[in-house]
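Take a look at the letters that make up each chain.
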Amino acid sequence: MSTPQVEAFLEMMAVERDASPHTLSAYGRDLADAEAGIPGGLMRGDETGLEAWYASLARRGLSPATQARRRSAVRQFYRFALGEGWRVDDPSRRLDAPKQGRSLPRTLAGDEIDRLLTAAAARDGTAGQRLVALVELAYASGLRVSELLGLKVEAVRRDPAFLIVRGKGGKERLAPLNASAREAVKTWLVARDAVRPEKAPDSPWLFPSVSAKGHLTSRRFAQLLDQAAVDAGIDPARVSPHVLRHAFATHLLEGGADLRVVQTLLGHADIATTQIYTHVATDRLTQVVRDKHPLGRDD
């Protein structure tokens, strides 16, 4: 059960730092775990108890990424507690970040994207048109799944070449739409509008649904991709909404795009996050060195 201090901290994160609901939920779980695992809880715990709780995370099998997030949550909470005058010390100051190797992102080859789109288009009626629009938009723009499913229909009514996306931290960026994505969206809009009951108010969402949020959920999108992957002869374990974002980034780099440009298009605050995609361009980079570097030439 959340304490008043944790509730106040999460409210601050939402209002002052514009944290997303997903981030708030994750931090809430992290702090609840700390509250339960630290002797005396967050407000009365000391360095010894906090370090013992933190050491237990690895023993419980939590990934380094999850450990790092829990460390971040408690450190931010204690900084907030100091500022509010609830504590006069910060017991989290000596917590060391877990050592973690960054895993390589899963991606798909260009021909696999084509097969996935073909399988999506083969589905009957509006279901196929919707899935094609989803895949084309995700692959053409590199949108996060929350950004994609949260698109408003008015954002695409005028067939824009770019979308203005509000991403993490409330930061806005431009997301490009290529010709095939724009055609897929136009086809979907015709189908979408045709199935709306006469005189019923239009949904504000591009991909409306009967879900609580009013638009298609990420879980349902993932299920649809799984089905399309099976039809396309692709292992569904290799396909997800986020894999389409990975494919967008890796294929841009393979095509010679500048890393800074890809960083901007993905909305990454730190270029180190974008650099993970360069692993897929090894062959192309080797060829560039061989062709362009003076010592790499045969002549």
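Everything numeric in this text was worked out from a predicted model, so none of it was measured. (Residues numbered from 1 in each chain as written. Predicted model: local features only at pLDDT ≥ 70, side-chain atom pairs only at ≥ 80, totals over all residues. Heavy atoms only, no water.)

### Looking at the confidence of the model for the protein
Do not read the fine detail of predicted coordinates wherever pLDDT is low.
At step 1: Averaged over every residue, the pLDDT of the protein is 87; residues scoring 70 or more account for 89%.
At step 2: Mean pLDDT values over the elements of the protein span from 62, in helix 14 (residues 282-292), up to 95, in helix 7 (residues 125-141). (pLDDT = per-residue confidence, 0-100. Helix = DSSP H or I, 4+ residues; strand = E, 2+ residues; numbered from the N terminus.)

### Remarks on the pairing of strand 1 (residues 162-166)
Remember that side chains alternate between the two faces of the sheet whenever the strand is regular.
At step 1: Residue alternation in strand 1 divides its side chains into a buried set, Leu163 and Val165, and an unburied set, Phe162, Ile164 and Arg166.
At step 2: In the sheet, strand 1 pairs with strand 2 (residues 172-176) via five bridges, with the strands oriented antiparallel. Its bridge partner lying in strand 2, Arg166 is registered against Glu172. (Buried < 20%, exposed > 50% of the residue type's maximum accessible area, 1.4 Å probe, protein only. Pairing = 2+ DSSP bridges.)

### Side note on the packing of aromatic side chains
At step 1: Within this structure, the stated rule accounts for six aromatic pairs.
At step 2: Geometrically, the ring pair formed by Phe9 and Phe77 is edge-to-face, given 5.8 Å between the ring centres and 80° between the ring planes. Separated by 68 residues along the polypeptide, Phe9 in helix 1 (residues 4-16) and Phe77 in helix 5 (residues 64-84) bring together distant segments of the chain. The residues Phe9 and Phe77 share a single accessibility class, namely buried.
At step 3: Plain terms: the ring middles of Trp188 and Phe207 are 6.0 Å apart, the flat faces sit at 20° to each other, and that makes the pair stacked. Placement of Trp188 in helix 9 (residues 179-194) and of Phe207 in the loop between helix 9 and helix 10 (218-232) is noted, with a sequence separation of 19 residues between them.
At step 4: Trp188 sits in the buried class, given a relative accessible area of 6%.
At step 5: Note on Phe207: relative accessible area 1%, which makes it buried.
At step 6: Three or more aromatic residues joined by ring pairs form one cluster here, namely Phe9, Phe77, Tyr78, Phe80 and Trp86.
At step 7: A cation over a ring is seen here: Lys152 above Trp205, with NZ or CZ 5.1 Å from the ring centre. (Phe/Tyr/Trp six-rings, centres within 6.5 Å; stacked < 30°, edge-to-face > 60°. Lys NZ or Arg CZ within 6 Å of the ring centre and 35° of its normal.)

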